[in-house]
2 protein chains.
Amino acid sequence: MSISLHQASIPLFVRGLKNLAHLLEKGAAYATEKGIAPSELIEARLAPDMLTLAAQVQRTSDTAKLSGERLSGVESPKMPDEETTFPQLQERIAKTIAYLESLSVADVDAGEGRTITLNFGPMKPTFSGPDYLFGFALPNFYFHVVTAHDILRHKGVEVGKRDYLGAVA
Amino acid sequence: MSISLHQASIPLFVRGLKNLAHLLEKGAAYATEKGIAPSELIEARLAPDMLTLAAQVQRTSDTAKLSGERLSGVESPKMPDEETTFPQLQERIAKTIAYLESLSVADVDAGEGRTITLNFGPMKPTFSGPDYLFGFALPNFYFHVVTAHDILRHKGVEVGKRDYLGAVA
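Parameters at a glance
Residues numbered from 1 in each chain as written. Chains lettered and ligands numbered in written order. Predicted model: local features only at pLDDT ≥ 70, side-chain atom pairs only at ≥ 80, totals over all residues. Heavy atoms only, no water. Helix = DSSP H or I, 4+ residues; strand = E, 2+ residues; numbered from the N terminus. Contact = heavy atoms within 4.5 Å. Areas by Shrake-Rupley, 256 points an atom, 1.4 Å probe, with all protein chains shown as cover. Lys, Arg positive; Asp, Glu negative; His and termini not counted. Charge placed at Lys NZ, Arg CZ, Asp CG, Glu CD. Expected span 1.5 Å × (residues − 1). Bend = angle between axes of the 7 residues up to and from the residue. Buried < 20%, exposed > 50% of the residue type's maximum accessible area, 1.4 Å probe, protein only. Polar contact = N/O pair within 3.5 Å; in protein donor to acceptor, adjacent residues only side chain to side chain. Phe/Tyr/Trp six-rings, centres within 6.5 Å; stacked < 30°, edge-to-face > 60°. Axes fitted to C-alpha atoms, helices over the stretch in contact; angles between N-to-C directions. Parallel < 35°, antiparallel > 145°, perpendicular 65-115°, else oblique. Left-handed = near helix turned anticlockwise from the far one by under 90°. Nonpolar A, V, L, I, M, F, W, Y, C, P; charged D, E, K, R; others polar. Buried area = accessible area lost by both parts, 1.4 Å probe. Salt bridge = Lys/Arg side-chain N within 4 Å of Asp/Glu carboxyl O. Core = buried A, V, L, I, M, F, W, Y, C linked by side-chain atoms within 4.5 Å. Least-squares fit on C-alpha atoms with pLDDT ≥ 70 in both.

Caption draft 1: Representation of the overall build of chain A within the structure. Along its length, chain A carries 7 helices and 2 strands. Counting from the amino terminus, chain A carries its helices and strands in the arrangement α-α-α-α-α-β-β-α-α. Projected onto its principal axes, the C-alpha positions of chain A cover 50 × 45 × 25 Å. In chain A, the proportion of contacts linking residues at least 24 apart, taken out of those at least 6 apart, comes to 71%. Of the roughly 7,100 Å² of accessible surface on chain A, a fraction of 53% belongs to carbon and sulfur atoms. With 17 positive and 20 negative side-chain charges, chain A shows a separation of 3 Å between the mean positions of the two kinds.

Caption draft 2: Region of the structure containing helix α6 (residues 129-154) of chain A. Residue and element names in this part refer to chain A. Along its 26 residues, α6 runs 36 Å from first to last C-alpha, staying within 8% of the 38 Å computed at 1.5 Å per residue. The principal kink in α6, of about 35°, is found at A137, preceding the proline P139 by one to four residues. Taken across its 26 residues, α6 has 24 buried, putting it largely inside the fold. The distance from a side-chain oxygen at the start of α6 to the backbone nitrogen of D131 is 3.2 Å, and the residue carrying that oxygen is S128.

Caption draft 3: How the structure looks around the packing of aromatic side chains. Counted under the stated rule, the structure contains 15 aromatic pairs over all chains. Pairwise contacts between aromatic rings join F13(A), F141(A), Y142(A), F13(B), F141(B) and Y142(B) into one cluster.

Caption draft 4: How the structure looks around the packing of helix α3 (residues 53-72) of chain A against α6(A). Residues and elements named next belong to chain A. Look at α3 against α6: their axes get within 9 Å of each other, and the N-to-C directions meet at 160°. When the interaxial angle is binned, α3 and α6 end up roughly antiparallel. Between α3 and α6 lies a crossing whose hand is left-handed. Within the contact between the two elements, α3 uses L53, Q56, R59, T60, T63, A64, L66, S67, R70 and L71 and α6 uses G129, Y132, L133, A137, N140, F141, H144, V145, T147, A148, I151 and L152. Its residues placed into classes, the contact of α3 with α6 shows 12 nonpolar, 8 polar and 2 charged.

Caption draft 5: Seen up close, the interface of chain A and chain B. With 40 residues of chain A at the interface, the matching set in chain B holds 40 residues. Summing both sides of the interface, chain A and chain B together bury roughly 3,700 Å²; the carbon and sulfur share of this comes to 67%. Among the residues chain A hides against chain B, the three largest losses belong to I3(A), F134(A) and F143(A). Together they make up 18% of the total. At the boundary of chain A with chain B, the tally comes to 2 salt bridges. Of the charged contacts, one joins D49(A) and R153(B) as a salt bridge, the two residues approaching to 3.4 Å between their closest N and O atoms. Our count for the contact surface shared by chain A and chain B stands at 18 residue pairs in polar contact (both at pLDDT 80 or more). Of all the secondary-structure elements, those providing two or more residues to the side of chain A that touches chain B are α1 (10-34), α6 and α7 (161-165) of chain A. Element by element, the count of residues in the side of chain A that touches chain B is highest for α6(A), at 16 residues. Of the residues that constitute the side of chain A that touches chain B, the class distribution is 24 nonpolar, 10 polar and 6 charged.

Caption draft 6: Here's a closer look at the nonpolar core. Ranked by size, the top nonpolar core spans 110 residues in total, and within it F13(A), L100(A), L133(A), F13(B), L100(B) and L133(B) carry the most contacts. Those residues within four positions of F13(A) in sequence are excluded, and the remaining contacts are A64(A), S67(A), L100(A), L133(A), A137(A), L138(A) and F141(A).

Caption draft 7: A look at the relation of the copies chain A and chain B. Between chain A and chain B, the superposition needs a rotation of 180° and an axial shift of 0.0 Å, giving an RMSD of 0.0 Å. These values place the two chain copies in the arrangement generated by a two-fold rotation axis. Taking the C-alpha atom as reference, chain A places I3(A) closest to the rotation axis, 2.5 Å from it. When the interface residues of chain A are mapped onto chain B, 100% of them again lie at the interface, so the same face is used by both copies.

Nothing here speaks to function; it is geometry throughout.
Pasting the structure below:
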């Protein structure tokens, strides 16, 4: 037995994105219930030089779809960062999930033999598929999902780890 | 080619814990530099009903060592949650890394054939090793590392995603 690259990547991204959608639903409901502008949550951040909630969602989406693209070799849809409302953020998440779910297991598993090169200006690190996934893509992905959770919780929305994890049983 | 359960678990936990140690070093240096009590950071939280920084570190440690134990079948050291200083938190992280690094690749890989049962009171979900790792252990682990980062950043410590990710090239 062994684990496939697809098994260790795409379902994790899809699950995290679905849970993020659930967190945002709770955020939207909270804004309605408290009579506050949704933008107060969408533009919230944990520090003046950190990204807003909207940007955390956009980066979650980018990390997931670019990981899908780099592992599978199948181009991902371009998504300009124009979302400013909860419905728009939900639409972006749904589009990201649809792309990830369109990838074949075989294409993603072939990423094991692929060399992935990132472009950080002067630095252009290269990885094997698994090294990219485990050392870069997954930690990055969870960084943005968790920070989105933390922003909502910090703003008073009643979300917790159970919402973030989703159903485990 | 394929991915082993060890490859997808222990090195990720060790790396995350080392990066967490680095984040805490920056926190300790910040307290010294600004002349504030370290406890102001160690007891900080993002919401009144969220865990403190110290507790986030303890839960990161627990998630990593209990995952190691459940996957490998090798008992992990007990660690009462008594840390109240940066050096104590660093010691706990170091002990957790030492346990994880003591596990043999073969023992962890054998976790693929193990059934893992969690105990949530009335609910006792069971998982295969990979399902436990990908659906529960890794998202939980990153939750606490990222929230520790977010608490420090929120309190003004100059940490960022590069500190959280560690060297990628």
